[in-house]
Amino acid sequence: MAIIGIETLLFGVEDLSLCTRFFDDFGLVQKSAGNDHTHYRLDEGSNVILRYLDDPLVPKSPYIGKGVKEVIWGVDTAENLEALVARVSQTQEVRRTEDGTVHFATCSGLPIGLKVFNRKKVTYAPDPLNAPGHVNRLNTPRKWKTRAKPKTITHTVFAVPDPRAEYEWYRDVLDFRMSEEQLGMGFYLRADGANEHHNLFLINMKFPALPGYPVYHHTNFGVEDIDELMIGTNYMTRRGWNTGPLGSGRHRIASALFSYLECPAGGEAEYGADSDYIDDNWIPREWNQVFGTYSWMHKIPAFLGTSQKWEFRLHPEFVPKDDTKADAGWD
Ligand SMILES: [Fe+2]
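Residues numbered from 1 in each chain as written. Predicted model: local features only at pLDDT ≥ 70, side-chain atom pairs only at ≥ 80, totals over all residues. Heavy atoms only, no water.

Asks: An account of the packing of aromatic side chains is requested, with residue identities and associated values reported.
Replies: On inspection of all chains with the given rule, the structure shows 20 aromatic pairs. Residues Phe22 and Phe23 carry aromatic rings whose centres are separated by 5.1 Å and whose planes lie at 90 degrees to one another, so their mutual orientation is edge-to-face. For the pair formed by Phe22 and Phe23, the shared burial category is buried. Considering the side-chain rings of Phe258 and Tyr294, the 5.6 Å spacing of their centres and the 45 degrees angle between planes classify their relative orientation as tilted. Of this pair, Phe258 sits in strand 15 (residues 257-262) while Tyr294 sits in the loop between helix 5 (289-293) and strand 18 (296-297), and the two are 36 residues apart along the sequence. Here a set of aromatic residues connected by ring pairs shows up, and it is made of Phe11, Phe22, Phe23, Phe26, Tyr40, Tyr63, Phe158, Tyr216, Phe221, Trp241 and Tyr271. Cation over ring: Arg147 sits above Tyr235, and NZ or CZ is 4.0 Å from the ring centre. If you follow Arg171 out to its NZ or CZ, it ends over the ring of Tyr167, 5.3 Å from the centre. (Phe/Tyr/Trp six-rings, centres within 6.5 Å; stacked < 30°, edge-to-face > 60°. Buried < 20%, exposed > 50% of the residue type's maximum accessible area, 1.4 Å probe, protein only. Helix = DSSP H or I, 4+ residues; strand = E, 2+ residues; numbered from the N terminus. Lys NZ or Arg CZ within 6 Å of the ring centre and 35° of its normal.)

Asks: Provide a residue-level description of the sheet that holds strand 16 (residues 268-273), including the pertinent values.
Replies: Spatially, 18-14-15-16-13-9-12-11-10-17-19 is the arrangement adopted by the 11 strands of the open sheet, whose pairing is mixed. Two strands lie at the open edges of the sheet, namely strand 18 and strand 19 (312-314), each paired on one side alone. Where strand 14 (residues 248-250) lies against strand 18, two bridges are found, and the strand directions are antiparallel. Following the sheet pairing, Gly249 is matched in strand 18 by Met297. Strand contacts of helix 3 (residues 163-174): strand 9 (152-160), strand 10 (177-182), strand 11 (186-190) and strand 12 (200-204), with the helix running at about 155 degrees to strand 12, the strand carrying the most contacts. (Pairing = 2+ DSSP bridges. Contact = heavy atoms within 4.5 Å. Axes fitted to C-alpha atoms, helices over the stretch in contact; angles between N-to-C directions.)

Asks: Tell me what's going on with the coordination of the iron ion, and back it up with residues and numbers.
Replies: Geometry sets the ideal angles at a metal, namely 109.5 degrees for four tetrahedral donors and 90 or 180 degrees for six octahedral donors. Around the iron ion, the protein supplies His155 (NE2), His218 (NE2) and Glu270 (OE) as donor atoms, at distances of 2.1 to 2.2 Å. Positions of the donor residues of the iron ion along the chain correspond to the pattern H-x62-H-x51-E. Of this pair, His218 sits in strand 13 (residues 215-222) while Glu270 sits in strand 16, and the two are 52 residues apart along the sequence. (Donors = N, O, S within 2.8 Å, 3.2 Å for Na, K, Ca; no water.)

Asks: Quick rundown of the UniProt feature "domain: VOC" (unreviewed entry) in the protein? Include the residues and the values.
Replies: The UniProt feature table records "domain: VOC" (unreviewed entry) at residues 152-274. Secondary structure content for residues 152-274 is 20% helix and 39% strand, and the end C-alpha separation is 13 Å. (UniProt positions renumbered as here; feature names shortened; annotations may be inferred.)

Asks: Can you tell me about the pattern of salt bridges, naming the residues and giving the values?
Replies: For the structure on display, the rule yields 26 salt bridges. Where Asp25 meets Arg239, a salt bridge forms, and the shortest distance between an N and an O atom there is 3.0 Å. With a gap of 214 residues between them, Asp25 in helix 1 (residues 16-26) and Arg239 in the loop between helix 4 (226-238) and strand 14 connect regions that are remote in the sequence. By relative accessible area, Asp25 is classed as buried at 5%. The partner of Arg164 in a salt bridge is Glu168, and the shortest N-O contact between them spans 2.8 Å. Of this pair, Arg164 and Glu168 both sit in helix 3, four residues apart, which is roughly one turn of that helix. Salt bridges here are not isolated pairs; linked through shared partners, they connect Arg142, Lys143, Lys145, Glu224, Asp225 and Asp227. (Salt bridge = Lys/Arg side-chain N within 4 Å of Asp/Glu carboxyl O.)

Asks: Help me get a handle on the pairing of strand 9, residues and values and all.
Replies: When you tally the buried positions in strand 9, you get nine out of nine residues, the bulk of the element. Of the strand pairs in this sheet, strand 9 and strand 13 are connected by seven bridges, and their pairing is antiparallel. Opposite Val157, over in strand 13, you have His218 as the bridge partner.

Asks: Explain the nonpolar core to me, using residue names and the numbers behind them.
Replies: In this structure, Phe11, Phe23, Phe26, Trp73, Leu114, Tyr170 and Leu174 are the most contacted members of the largest nonpolar core, which totals 59 residues. Those residues in contact with Leu114 that lie beyond four places of it in its chain are Ile3, Ile72, Trp73, Val75, Leu81, Leu84, Val85, Gly100, Thr101, Val102, Phe104 and Leu174. Counting residues in each nonpolar core, the second largest holds 16 residues, with Tyr188, Ile253, Ala254 and Phe291 among its members. (Core = buried A, V, L, I, M, F, W, Y, C linked by side-chain atoms within 4.5 Å.)

Asks: Talk me through helix 4; I want residue IDs and the actual numbers.
Replies: Note on helix geometry: an α-helix contains 3.6 residues per turn, so any two residues three or four positions apart are oriented the same way. With 13 residues, helix 4 extends 18 Å between its outermost C-alpha atoms, agreeing within 8% with the 18 Å of an ideal straight helix rising 1.5 Å per residue. Three or more residues of helix 4 are buried, namely Glu228, Leu229, Gly232, Thr233, Tyr235 and Met236. When helix 4 is viewed along its axis, its buried side chains cluster within an angular range of 160 degrees and face the same direction. Looking at the buried side of helix 4, the elements it contacts are helix 1, strand 15 and strand 16. Note on helix 4: the residue one or two positions beyond its end, Gly240, has a positive phi of about 95 degrees. (Expected span 1.5 Å × (residues − 1). Arc of directions from axis to C-beta.)

Asks: If you had to explain the sheet that holds strand 2 (residues 30-33) to someone new, which residues and values would you point to?
Replies: If you walk across this open sheet you meet the eight strands as 2-3-4-1-5-8-7-6, and the pairing is mixed. Each having just a single partner strand, strand 2 and strand 6 (95-96) make up the two edges of the open sheet. Pairing analysis gives two bridges linking strand 6 to strand 7 (residues 102-105), with the strands arranged antiparallel. Note on strand 7: the bridge partner recorded for Arg96 is Val102. Taken strand by strand, helix 2 (residues 78-88) contacts strand 1 (3-13), strand 5 (67-75), strand 6, strand 7 and strand 8 (111-116), and its axis lies near 150 degrees from that of strand 8. Along the sheet, helix 3 contacts strand 1, strand 5, strand 7 and strand 8; its crossing angle with strand 8, the most-contacted strand, is approximately 25 degrees.

Written out as structure tokens, the structure reads:
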């Protein structure tokens, strides 16, 4: 059974024209638009749909406010979809719509669904990197870009009441894999048929700076490399959008370059590039919260000093207890 990625993110918004202007500037390509919706289609075939929060097509849930109100996960075959639905139906109420989507809710009530998804392979060709003694681009300048145009939805993130319960639900019902645990903060999960480091991050809603109730957090969109990531960010800034407190940098967990933009449709929209890609040979790790978050940041926050403890290890759930310190700096 394989879930291969995010097929659709349905946003519930307050100001449709403002949010449409944001995602147009962000670089998504419209498939259709009307008085009640804007529909973007990415090159991989995934969808971002904006609708008003009170639109009957936007499901109600305990997840408060604007943002992603439903995540449709793409399944590789109709047979696998039905096998997953048979499992989901044992505990959750399911509802089918004419387009072949099966809708239900997670253990914490977040509306999600399953749909057969022909996820097209997107092939980027980032410029080779030069370094002294390691010249991969002789007599060849880097590509000239003026705009970002994300081609994939890499991951989406929610603040949840109980990250462990939510992780175990996705694991047991939908075959998601744990990629990492960030202690006190949450779980990074990968769909079983995907190779992104994570497709879903579940953060503890009681974590400082989060509102204390279930809410959408952010979505990561894949771009080619650091140039596209920063050129897109500069363009958004020129268009009047705000990069917010985190800005850009590189995460230590997933090794990924990031650039966050405050999003009028809820939470943040993140450009992402140069992440780790993993499969079932990956051994999940467990991280100290601060150490795992950033390798570097464009605007360094006060908490990111040099005294952060070097603490990570192979996750005890996946290796014998005695082996967990093998490659780690855990005290
Ligand atoms: Fe992210």
